[in-house]
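Residue-level listing of the chains:
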Protein chains: 2
Amino acid sequence: MSLPIGATIGILGGGQLGRMLAMAAAKLGFKTLVFAPGENLPAAQVSNRHMNAAYDDVLALQAFAGACDVVTLEWENVPVSAVETIEAVGTRVRPGAGALSVAQDRVEEKVFLERCGIDCAPWRAVDTVSDLHDALAEMGPDAILKTRRDGYDGKGQVRLHGDTDALSAWNELAGASAILEGFVPFNMEISVVLARDPIGQVVTYTPPHNTHARGILRHCSVPAPIPETVARDAQRLATKLADALDYVGVLALEMFVMPDGSLLANEFAPRVHNSGHWTPEACETGQFENHIRAVAGWPLGASTLLYAVEMENLIGADAAESAQAMLARGSVTLYGKEEIRPGRKMGHIVRKTG
Amino acid sequence: MSLPIGATIGILGGGQLGRMLAMAAAKLGFKTLVFAPGENLPAAQVSNRHMNAAYDDVLALQAFAGACDVVTLEWENVPVSAVETIEAVGTRVRPGAGALSVAQDRVEEKVFLERCGIDCAPWRAVDTVSDLHDALAEMGPDAILKTRRDGYDGKGQVRLHGDTDALSAWNELAGASAILEGFVPFNMEISVVLARDPIGQVVTYTPPHNTHARGILRHCSVPAPIPETVARDAQRLATKLADALDYVGVLALEMFVMPDGSLLANEFAPRVHNSGHWTPEACETGQFENHIRAVAGWPLGASTLLYAVEMENLIGADAAESAQAMLARGSVTLYGKEEIRPGRKMGHIVRKTG
């Protein structure tokens with residue numbers, strides 16, 4: 001399936017990723033219809049139409065499906081049932097329910113990655129406090145306890161140290177099914193953003209070096225200071241994952257680079273990714289355009305890096321800085337969010353460095 | 001005046017230039033409100049809001065003015081009276097009525113250019129058929145007769161040759177006040193696109209070499225194959241014009257390069273310009289973003305050319321080509337126009353050449 005020029009692309013989710021997807025779609029002449037609960041959402045501001053409805057509103061989802069030529073998503077926690085409702089009407093969702101359900105459960109995700117032959121940092125499923133004690137005994141005291149579902153940007157996570165009481169950590173997650181991930185002494189975190197089209201063609205972007213603060217991506221530096229062979233390994237692993245998922249669209253795989261150059265997967269996101277926000281400026285084709293091309297069944301564009309670059313997120317009060325000060329630091333993208341809240345992603349700045 | 005983040009920018013006009021301005025505004029976190037008569041307009045598809053009203057609807061213009069923090073335009077034939085109505089409410093229009101009224105009349109435009117010390121190709125105001133005979137006798141038989149007002153993309157123009165009957169040409173323009181422009185044996189046409197901010201800072205883009213077909217821009221090649229000194233002269237002249245108009249926003253000056261390297265002005269446009277459509281891809285800051293920054297009172301971005309580039313317009317049936325074929329030729333921008341009509345600008349393609 002290849003969409004005709006002027007077709008309508010539906011986007012599940014109304015945040016900044018949807019906003020940048022909608023603009024990439026408009027550049028290619030597509031119409032966009034955003035489905036998300038809420039008013040004045042970042043994505044709705046630049047779309048042809050917005051349906052303000054809940055993800056469990058079956059009638060609204062059916063109307064949405066009927067109005068779209070293809071549907072995509074900007075948020076991995078869209079309920080799989082919503083995707084199934086849309087697909088039942090006969091409208092294709094890319095990526096589909098399969099990739100989404102794997103990505104929504106951290107345990108299923110690790111199992112899938114390992115089944116693909118992609119090594120992960122040590123992990124254990126934790127369903128009871130006694131599981132947690134056993135896992136800590138096995139993996140050592142430095143670890144992160146995360147809910148299996150619904151976590152993002154450091155939410156639903158508790159960091160454990162030698163002196164942390166496992167019971168209080170467990171209680172902090174309110175008894176949700178969890179996963180314990182052991183710390184690994186990595187050199188740095190990188191990610192591979194790639195796009196895969198319906199006939200299995202893949203373009204991979206140059207891996208950035210990612211730095212986080214309080215669980216939220218803070219900064220990318222591109223290219224990551226790693227040997228070419230490690231970068232290629234990372235791209236090969238991400239491609240393996242996308243092939244195994246029979247994935248269509250942009251996907252990101254976060255990985256730890258170990259001192260010996262080996263790679264351990266952290267997690268993947270079945271969507272355009274914050275660690276690819278420098279691609280529209282610095283690459284021949286950005287991640288948003290390539291995602292739209294993939295879901296439209298259009299040929300992918302080259303991901304060639306045109307120059308070295310840094311990307312910095314504007315989080316919470318970072319966006320209270322003056323426009324003048326921001327613009328002095330590079331190419332500014334702001335997400336159209338009215339209210340500044342701590343930890344809220346408000347925008348990002350891309351700076352040419354080479 | 002410097003707009004706060006999240007302010008609303010009004011755009012008079014709903015075409016592709018407004019579409020690209022609205023997306024540039026959204027990138028910087030602004031809201032946009034498009035004022036233009038019509039449904040499903042290219043600019044309205046990517047804006048927060050659209051007011052579908054006529055340019056002489058005073059009440060609608062006043063409501064529009066009240067809803068915007070600043071107003072700009074994407075079309076030089078917006079009636080000056082509409083701009084005056086908006087300004088009377090106290091909302092600033094950038095560029096203002098002054099630049100607009102000069103640009104709307106080809107005779108006033110030439111007079112203004114020459115008063116700035118910018119040479120023009122030979123021209124004569126023509127109000128009667130006897131004026132036309134006199135002008136042809138003076139300037140020679142090779143010339144173009146154009147209406148003084150409301151012409152664009154080759155409309156309202158008749159080309160005269162040695163054997164053309166002046167009377168039939170005059171009748172073709174239906175007796176509108178006109179201007180006769182003599183042909184000059186130029187080497188090529190170039191243009192300077194520049195942005196000027198409210199405190200008079202100017203950034204100029206590298207001049208492209210422009211090629212037209214049937215009065216419509218067809219192709220730009222950047223940089224134009226001219227000596228550096230000629231390029232700098234052209235930029236200096238365009239800056240002189242912008243300063244003389246006390247201009248705010250992006251302006252384009254089209255010029256003929258003569259065999260001796262001298263420059264003759266053709267016309268200027270008080271808006272973002274088709275001959276600058278390669279700037280978002282190939283320059284540090286594109287013309288649309290710099291226009292928005294200028295009208296918002298935000299600092300301008302660097303216009304540095306990052307690589308050599310070609311831009312090709314997709315006109316009429318060009319857009320019936322497959323998406324695949326278009327994408328194979330470069331970065332594609334389509335304007336969201338449903339109907340293909342002869343001579344209608346449907347999109348453009350930008351290709352890196354160096």
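Reading the values: rules and limits
Residues numbered from 1 in each chain as written. Chains lettered and ligands numbered in written order. Predicted model: local features only at pLDDT ≥ 70, side-chain atom pairs only at ≥ 80, totals over all residues. Heavy atoms only, no water. Helix = DSSP H or I, 4+ residues; strand = E, 2+ residues; numbered from the N terminus. Rg over C-alpha atoms; globule rule 2.2 N^0.38 Å. Buried < 20%, exposed > 50% of the residue type's maximum accessible area, 1.4 Å probe, protein only. Contact = heavy atoms within 4.5 Å. Areas by Shrake-Rupley, 256 points an atom, 1.4 Å probe, with all protein chains shown as cover. Lys, Arg positive; Asp, Glu negative; His and termini not counted. Charge placed at Lys NZ, Arg CZ, Asp CG, Glu CD. pLDDT = per-residue confidence, 0-100. Axes fitted to C-alpha atoms, helices over the stretch in contact; angles between N-to-C directions. Parallel < 35°, antiparallel > 145°, perpendicular 65-115°, else oblique. Left-handed = near helix turned anticlockwise from the far one by under 90°. Pairing = 2+ DSSP bridges. Salt bridge = Lys/Arg side-chain N within 4 Å of Asp/Glu carboxyl O. Polar contact = N/O pair within 3.5 Å; in protein donor to acceptor, adjacent residues only side chain to side chain. Nonpolar A, V, L, I, M, F, W, Y, C, P; charged D, E, K, R; others polar. Core = buried A, V, L, I, M, F, W, Y, C linked by side-chain atoms within 4.5 Å.

**Quick look at the overall build of chain A**
And then number 1: Along its length, chain A carries eleven helices and 17 strands.
And then number 2: For a compact globule of 354 residues, the expected C-alpha radius of gyration is about 20 Å, and chain A comes in at 20 Å, within 12% of that figure.
And then number 3: Burial analysis of chain A (354 residues in total) assigns 59% to the buried set.
And then number 4: Restricting to contacts in chain A with at least 6 residues of sequence separation, those with at least 24 account for 61%.
And then number 5: In the form shown here, chain A has an accessible surface area of approximately 13,100 Å², with 50% of it arising from carbon and sulfur atoms.
And then number 6: Of note, chain A has its 30 positive side-chain charges centred 6 Å away from the centre of its 42 negative side-chain charges.

**Considerations on the confidence of the model for chain A**
And then number 1: Within chain A, residue pLDDT values average 95, and 98% of them lie at 70 or more.
And then number 2: Taken over the whole predicted complex, pTM reads 0.95, whereas the ipTM for its chain interfaces reads 0.94.

**Re the packing of helix α2 (residues 58–67) of chain B against helix α3 (residues 80–88) of chain B**
Residue and element names in this part refer to chain B.
And then number 1: For the pair α2 and α3, interaxial distance at closest approach is 8 Å and the crossing angle is 50°. Judged by the inter-axis angle, α2 sits oblique to α3. The handedness of the crossing between α2 and α3 is right-handed. Between α2 and α3, the residues in contact are V58, L61, Q62, F64 and A65 and A82, T85 and I86, respectively.

**Points about the environment of F112(A)**
All names here are of chain A.
And then number 1: By the secondary structure assignment, F112 is in helix α5 (residues 106–115).
And then number 2: Of the residues examined, F112 reaches a relative accessible area of 16% and is grouped as buried.
And then number 3: Non-local contacts of F112, meaning those with residues more than four positions away in its chain, are made with V102, L241, A244 and L245.

**Comments concerning the sheet that holds strand β8 (residues 178–182) of chain B**
Residue and element names in this part refer to chain B.
And then number 1: The strand order β5-β8-β6-β7 describes an open sheet built from four strands, whose pairing is antiparallel. Of all strands in the sheet, those bounded by a partner on one side alone are β5 (123–126) and β7 (157–160). The mean angle between the axes of side-by-side strands here comes to 20°, regardless of whether they run parallel or antiparallel.
And then number 2: Across five bridges, the pairing between strand β6 (residues 143–147) and β8 is antiparallel. Bridge pairing links I144 to E181 in β8.
And then number 3: Contacting β5, β6, β7 and β8, helix α5 (residues 106–115) runs over the sheet at an angle of about 50° to β8.
And then number 4: Where helix α6 (residues 129–139) meets the sheet, it contacts β5, β6, β7 and β8, and its direction lies at approximately 170° from that of β5.

**Quick look at the interface of chain A and chain B**
And then number 1: On the chain B side, the residues contacting the 36 residues of chain A number 35 residues.
And then number 2: Taken together, the links from chain A to chain B amount to two salt bridges.
And then number 3: Across the pair E338(A) and K31(B) runs a salt bridge, and its minimum N-O distance is 3.0 Å.
And then number 4: Run the count over chain A and chain B and you get 14 residue pairs in polar contact (both at pLDDT 80 or more).
And then number 5: Listed by contribution, the elements that provide at least two residues to the side of chain A that touches chain B are α1 (16–27), α11 (323–327) and β16 (331–334) of chain A.
And then number 6: Here the residues of the side of chain A that touches chain B are counted per class, giving 16 nonpolar, eleven polar and nine charged.

**What to know about the packing of helix α1 (residues 16–27) of chain B against helix α10 (residues 287–296) of chain B**
Residue and element names in this part refer to chain B.
And then number 1: α10 packs onto α1 with a crossing angle of 70° between their chain directions and a minimal axis gap of 8 Å. The angle between α1 and α10 places the two elements in the roughly perpendicular class. Along this stretch, α1 crosses α10, giving a crossing that reads as right-handed. In this structure, α1 uses L17, M20, L21, A24, A25 and K27 to contact α10, whose residues at the interface are F288, E289, H291 and I292.
And then number 2: Tallied by class, residues from the contact of α1 with α10 come to seven nonpolar, one polar and two charged.

**Here's the deal with the pairing of strand β13 (residues 249–257) of chain A**
Residue and element names in this part refer to chain A.
And then number 1: Here β13 lies mainly inside the structure; nine of its nine residues are buried.
And then number 2: Across nine bridges, strand β9 (residues 188–196) lies against β13 in antiparallel orientation. The partner of L194 across the bridge, within β13, is L251.
And then number 3: With six bridges connecting them, β13 and strand β14 (residues 263–269) associate as antiparallel partners. Considered in β14, the bridge of L253 is made with F268.
And then number 4: Where β13 hands over to β14, the hairpin turn is made up of five residues, of which G261 adopts a positive phi near 90°.

**Here we look at the nonpolar core**
And then number 1: L12(A), F30(A), W278(A), L12(B), F30(B) and W278(B) are the most contacted members of the largest nonpolar core, which totals 154 residues.
And then number 2: Ignoring anything within four residues of it in the chain, the contact list for L12(A) reads F35(A), Y55(A), L61(A), F64(A), V71(A), T72(A), L73(A), E74(A), W75(A), V78(A), V83(A) and I86(A).

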